[in-house]
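Summary of structural features
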Amino acid sequence: MNKIAVLTSGGDAPGMNAAIRAVVRRAIFNKLEVIGVRRGYQGLMDGDYVALGIGSVGDIIQRGGTMLQTARCEAFKEVSGQQLAMANMKEQGIDGLVVIGGDGSFNGALKLTKQGFPTVGIPGTIDNDIACTDMTLGFDTAVNTAIDAIDKIRDTATSHDRTYVVEVMGRHAGDIALWSGVAGGAESILIPETKMDMDDIVSRLLASQKRGKKYSIIIVAEGVAPGHKIGEIIQERTGFETRVTVLGHIQRGGSPSAYDRVLGSQMGAKAVDLLLSGVGGKMVGIQNNQMVAVDLEEALNKTHQLSLPLYELARSLSI
Ligand code: ADP
Ligand code: F6P
């Protein structure tokens, strides 16, 4: 292996730049050339390539987003798109590819590997919804961003004796809601993995009012229901003055946390090591604080499991 490429695909996540930097520096450390592909699989098909040297990834470890930009690209789902991408890479003398993205991006990475092009995945998504890794890149920062907002909302909630509903990201995975709910001391946490029970939420709110609590914070993952809908129901059924905040895409941006910078650095280096040892079709993960290599197929076939004990803990603490 002489030359590898790296791209970011799907939703951006804080820490992707740290991973790009690690891929580039670890590769150069091992005498490999590195090509950056702009705009994910779209750029791979368009030949939107840039040579990356040591200095080109300087001053990015602390930046959110992705210096290579990202894209969603329907044409790459077709075999013709994948073949065009492989032909472009072969023409450039590229022998291996690192894909930083979520499960959609990993489907593309697996297809390239199956057609003979060694590709390794790094789980980069704020949702933490990928199996076989304890954490995905960006999740920690997103939760810290949500917590920062929730703490601020708590200030105004206590000042006005109001109920607040905070909608966080997560269409299918409730990890951001769960972690920010536990860390933010929320009264109730609504996640897509469990059945929504408005009776339970209302009775918990009424019970906490009875024992003198005058404000409450409810966290809802976007995949459960729109925060505004939940807010309307709560106000109607309790009579409590309720406000709703949708955190939205601020959760995707911002300077990555120390954890995501370290995780991105570890994952980027491990991905290069795998390609160097001739291994493709793998996803880099972190399990019990150790870097691991898991078959992409296995990671894609399994479903990420949200921590139900943490959910139960949240319920038992917010009485
Ligand atoms: P994420 O990687 O964050 O889950 P997406 O699901 O949007 O984001 O996927 C990102 C890109 O990965 C898609 O736009 C497409 O180019 C590629 N991709 C997704 N699914 C497949 C698939 N089944 N086969 C090939 N490429 C895919
Ligand atoms: O997968 C990351 C994520 O931010 C989800 O939490 C959210 O549902 C989705 O992406 C939003 O995607 P878009 O980039 O299309 O707004």
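Report on the accompanying structure. Owing to the predicted nature of the structure, the values given are computational and were not obtained by experimental measurement. (Residues numbered from 1 in each chain as written. Chains lettered and ligands numbered in written order. Predicted model: local features only at pLDDT ≥ 70, side-chain atom pairs only at ≥ 80, totals over all residues. Heavy atoms only, no water.)

This brings us to the sheet that holds strand S8 (residues 216-221). One open sheet holds the four strands; their spatial order is S7-S8-S6-S9, and the pairing between them is parallel. The open sheet has two free edges, formed respectively by strand S7 (188-190) and strand S9 (242-246), since each of these has just one partner strand. Shown here is a sheet whose adjacent strand axes are inclined to one another by a mean of 20 degrees, direction ignored. Where strand S6 (residues 163-168) meets S9, five bridges bridge the pair, whose relative direction is parallel. When the sheet's bridge partners are listed, Glu167 is paired in S9 with Val246. Strands in contact with helix H8 (residues 227-238) are S6, S7, S8 and S9; relative to S9, the strand with the most contacts, it is inclined by about 170 degrees. (Pairing = 2+ DSSP bridges. Helix = DSSP H or I, 4+ residues; strand = E, 2+ residues; numbered from the N terminus. Axes fitted to C-alpha atoms, helices over the stretch in contact; angles between N-to-C directions. Contact = heavy atoms within 4.5 Å.)

Attention shifts here to the pattern of salt bridges. This structure, assessed with the given rule, holds 16 salt bridges. For Arg243, the salt bridge goes to Glu241, with nearest N and O atoms at 3.2 Å. Members of the salt-bridge network, linked through shared partners, are Arg38, Arg39, Asp46 and Asp48. (Salt bridge = Lys/Arg side-chain N within 4 Å of Asp/Glu carboxyl O.)

A separate point is unusual backbone geometry. Even without glycine at this site, Lys31 takes up a positive phi of about 65 degrees. The residue Lys31 is located in the loop between helix H1 (16-29) and strand S2 (33-37) in this model.

Right, let's talk about the site of ligand 2 for a bit. Around ligand 2, the structure places Arg72, Thr125, Ile126, Asp127, Met169, Gly170, Arg171, Glu222, His249 and Arg252. Taking Glu222, its side chain carries an N or O atom lying 2.5 Å from an oxygen atom of ligand 2. Contact distances for ligand 2 include 2.8 Å between an oxygen atom and a side-chain N or O atom of Arg252. A breakdown of the residues in the shell around ligand 2 according to their chemical character gives two nonpolar, three polar and five charged. (Near = heavy atom within 4 Å. Polar contact = N/O pair within 3.5 Å; in protein donor to acceptor, adjacent residues only side chain to side chain. Nonpolar A, V, L, I, M, F, W, Y, C, P; charged D, E, K, R; others polar.)

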